[in-house]
Amino acid sequence: MDNKKAFNEGIMDARTLGIPKMTVLGLQHMFAMFGATVLVPAITGLSVSATLLFAGLGTLLFHWICKWQVPAFLGSSFAFIGGYAAVTEMGKTAGLSVAESLPYACVGVACAGLLYFVLAGCIKAYGVQKVMKFFPPVVTGPIIIAIGLTLSGSAITNCTANWGIAALAIILVVVCNIYGRGMIKIIPILIGVIGSYAVAACFNQVDFSRVSEAAWIGLPFKAEDTVLPVLQNPDTSLLISSIICVMPIALATMLEHIGDICAISSTVGRNYLSKPGLHRTLIGDGLATIAASLFGAPANTTYGENTGVLNLTRVFDPRVIRIAACFAILFSFSPKFSALVSSMPTATIGGVSLVLYGMIAAVGVRNIVESKVDFTKSRNVIIAALILVLAIGIKYGNNDAISIGFTSLSGLAVAAIVGILLNAILPGKDYTFKKD
């Protein structure tokens, strides 16, 4: 099945399913994003409810900026975790608690979001063709593969919590997607989550204490979680240091954004880099990140899991994503629901993630194959090899990242930068960006 036919069939599926079934698809999409989305606030100390709220609002803002065309969900960015940790350490030196330091990190993230506008402006001024010549398939393909492979470690770690539950989640997803009929075939992730969650609960593998203690209705964030404390009585030195520390991380997230949009375009069969345009997707992502950070939520980013869900269900209608965003907003006002989903077995998240991350890597392989990258050329082999080895080697090495000045770059960021530079320097370029 070619990409254009796959896209048309995906749109037709969504339109003929009707509102009730599309609602279930939206719920499934939210669950697929939920595990990784709430993990960032769990690690950093930010608000889970605020994270859900601005994942939903950020996604809707992104869709509006992109003329309602791109089927992308925005969730929490893992790239900024190191930035939050670095700022909280600087805060401790200044005599501040973690809660008091996080708003400073959020200001830094908001400033990082402004860099998206700079790149978007360059694309708008010089054209996507001139910018995308630095991101040919020999670069973006391995980057997409690396995204899936570097994420796979967290999936395996989660699976080790209980391989039986993880295996059940995987089996349910695979069986429903391969052998299912009708609605069952396109909601395998939701079935995998609910089925493995229920079995884990039956065997006392789920702690429901937080669920019973949580209120049914509550506000997603408090005033002290926002950047207001920083603006009212700032520690100027810490504020400047936070901005300098966090802003460079945007270089990595913008490269990841381009990789994700390429992956979505390859999956759906439409070139979203040309229409509605990469400048629009960057502005949407940047605005969502700024809005989230100002209210004490993690930076937003286009999600690799989103590509996995699209590839698995073959339903590409952006309305399904917007329904998922609305669910995220709705549930952000229910601490009890947040606690219920936060209590989801780690192994369930691991099993579902294992499938989705594999799908991401497979999309990268397909991107390379369909673009007919010539690996008989040494330049192409060297570029792809260094991207993969650097991304995976640094991720699973002793350091997990490379420190540069005030900040540190993940393996994926280093790999992307090296790949882009090598492609620009080495002779023998054989790719021309096309609008189709």
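Residues numbered from 1 in each chain as written. Predicted model: local features only at pLDDT ≥ 70, side-chain atom pairs only at ≥ 80, totals over all residues. Heavy atoms only, no water.

### Notes on the packing of aromatic side chains
The line we're drawing: Only Phe, Tyr and Trp rings take part, Trp by its six-membered ring, and two of them pair if their centres are within 6.5 Å. Stacked means planes under 30 degrees apart, edge-to-face means over 60, and tilted covers everything else. Starting at the N terminus, helices and strands are each numbered in turn, a helix being any DSSP run of H or I of at least four residues and a strand any DSSP run of E of at least two. The classification of residues rests on relative accessible area computed with a 1.4 Å probe and restricted to protein chains. Under 20% of the type maximum is buried, over 50% is exposed, and intermediate values are partly exposed.
With the rule as written, the count across this model stands at three aromatic pairs. Seen in terms of ring centroids, Phe54 and Phe295 are 5.2 Å apart; in terms of plane orientation they differ by 20°. Their pairing is stacked. Taken together, the residues span a long stretch of sequence, with Phe54 in helix H3 (residues 48–65) and Phe295 in the loop between helix H15 (273–294) and strand S2 (300–302) at a distance of 241 residues. Phe295 gets classed as partly exposed once you look at its relative accessible area, which sits at 34%. Pairing Tyr197 with Phe208 gives two aromatic rings, centres 6.4 Å apart and planes at 20°, and the pair type is stacked. Of this pair, Tyr197 sits in helix H10 (residues 188–202) while Phe208 sits in the loop between H10 and helix H11 (209–213); the two residues are 11 residues apart in sequence, bridging distant segments of the chain. Looking at Tyr197, the relative accessible area reads 13%, which means it is buried. Residue Phe208 is classed as partly exposed on the basis of its relative accessible area of 36%.

### Re the side chain of Ser265
Test applied: Here a residue-residue contact requires only that any non-hydrogen atoms of the pair lie within 4.5 Å.
Its location among the elements puts Ser265 in helix H14 (residues 249–268). We classify Ser265 as buried; its relative accessible area is 9%. When residues no more than four places from it in sequence are discounted, the contact partners of Ser265 are Arg270, Asn271, Tyr272 and Leu273.

### Things to note about the environment of Ser332
To keep it simple, the criterion reads: Residues adjacent in sequence count toward polar contacts only when both atoms are side-chain atoms; beyond that, a polar contact is any pair of N or O atoms within 3.5 Å, and within protein one must be able to donate a hydrogen and the other to accept it.
With respect to the secondary-structure elements, Ser332 resides in helix H17 (residues 318–332). A residue is classified by how much of its surface remains accessible, and Ser332, at 0% relative accessible area, is buried. Sequence spacing of Ser332 and Leu53 is 279 residues, and the spatial spacing of their C-alpha atoms is 5.2 Å. Beyond its immediate sequence surroundings of up to four residues, Ser332 is in contact with Ser49, Leu52, Leu53, Gly218 and Pro220. A polar side-chain atom of Ser332 sits 2.6 Å from the main-chain carbonyl oxygen of Ile329.

### Here's the deal with the environment of Gly308
Mapping Gly308 onto the fold places it in helix H16 (residues 304–313). Residue Gly308 is classed as buried on the basis of its relative accessible area of 0%. Between the C-alpha atom of Gly308 and that of Leu356, which follows or precedes it by 48 residues, the distance is 4.6 Å. Those residues in contact with Gly308 that lie beyond four places of it in its chain are Leu356, Met359 and Ile360.

### Concerning the nonpolar core
Just so we agree on the cut-off: Here, the term nonpolar core denotes a set of buried Ala, Val, Leu, Ile, Met, Phe, Trp, Tyr and Cys residues that are joined through side-chain atoms within 4.5 Å.
Counting 68 residues, the largest nonpolar core has Phe80, Tyr84, Met132 and Leu278 as its most contacted members. Among the elements that take part in this core, helix H5 (residues 98–126) stands out by supplying 11 residues, more than any other. Once you skip the residues sitting within four places of it in the chain, Phe80 turns out to touch Val109, Ala112, Val246, Ile249, Ala250, Thr253 and Ala299. Leu52, Ala169, Ala200 and Ile321 belong to the second largest nonpolar core, which has 34 residues in total.

### Some thoughts on unusual backbone geometry
The step from Lys275 to Pro276 runs through a cis peptide bond, and the omega angle for that step is 10°. Its location among the elements puts Pro276 in helix H15. You will see that Lys67, though not glycine, has its phi angle at about 60°, which is positive. Within the secondary structure, Lys67 is located in the loop between H3 and strand S1 (74–76).

### Describing the side chain of Thr348
Mapped onto the fold, Thr348 is located in helix H19 (residues 346–370). The residues touching Thr348, leaving out its near neighbours within four places in the chain, are Ile165, Ala169, Val193, Ser196 and Tyr197.

### Focus on the pattern of salt bridges
For the record, the criterion: We count a salt bridge whenever a side-chain nitrogen from Lys or Arg sits within 4 Å of a carboxyl oxygen from Asp or Glu.
As enumerated under the stated definition, the model contains one salt bridge in all. Salt-bridge contacts for Arg319 lead to Asp317; the nearest nitrogen and oxygen are separated by 2.6 Å.

### Considering a nonpolar patch on the surface
This is how the line gets drawn: Each patch groups residues whose relative accessible area exceeds 30% and which form no salt bridge, using 9 Å between like charges and 5 Å between nonpolar side chains of Val, Leu, Ile, Met, Phe, Trp and Tyr. To measure how exposed things are, a 1.4 Å probe is used in the Shrake-Rupley method; for residues, cover is taken only from the protein chains shown.
Residues Ile171, Val174, Val175, Ile178 and Tyr179 make up a contiguous nonpolar surface patch of about 490 Å² in total accessible area. Along the chain, Ile171 turns up in helix H8 (residues 163–179). Take Ile171: its relative accessible area is 48%, and that puts it in the partly exposed class.

### Structural notes on helix H7 (residues 137–159)
The cut-off we apply is this: A helix is expected to span 1.5 Å multiplied by its residue count minus one. Axes are fitted to the seven residues ending at a residue and to the seven starting at it; the angle between these axes is taken as the bend at that residue.
Compared with an ideal rise of 1.5 Å per residue, which puts 23 residues at 33 Å, H7 spans 32 Å between its outermost C-alpha atoms and is within 8% of the ideal. At Ser152, H7 shows its maximal bend, which comes to roughly 30°. Along H7, 17 of the 23 residues are buried, which leaves the element largely enclosed by surrounding structure.

### Re the packing of H5 against H15
Quick reminder of the rule: Only the contacting stretch of a helix is used when fitting its axis, a line to C-alpha atoms as for every element, and angles between N-to-C directions run 0 to 180 degrees. Angle categories: roughly parallel below 35 degrees, roughly antiparallel above 145, roughly perpendicular from 65 to 115, and oblique for all the rest. The crossing is said to be left-handed when, going from far helix to near helix, the turn is anticlockwise and less than a right angle, and right-handed when the turn is clockwise. Following the grouping adopted for this structure description, the nonpolar residues are Ala, Val, Leu, Ile, Met, Phe, Trp, Tyr, Cys and Pro, the charged ones are Asp, Glu, Lys and Arg, and the polar ones are all others, Gly among them.
As a packed pair, H5 and H15 sit with axes 8 Å apart at the nearest point and diverge in direction by 165°. Considering the angle they form, H5 stands roughly antiparallel to H15. Regarding H5 and H15, the two cross each other, and that crossing is left-handed. Taking contact as the criterion, the partners of Cys106, Val109, Ala110, Gly113, Leu114, Tyr116, Phe117, Leu119, Ala120, Ile123 and Lys124 in H5 are, on H15, Leu278, His279, Leu282, Ile283, Asp285, Gly286, Leu287, Thr289, Ile290, Ser293 and Leu294. In the contact of H5 with H15, the residues fall into 15 nonpolar, five polar and two charged.

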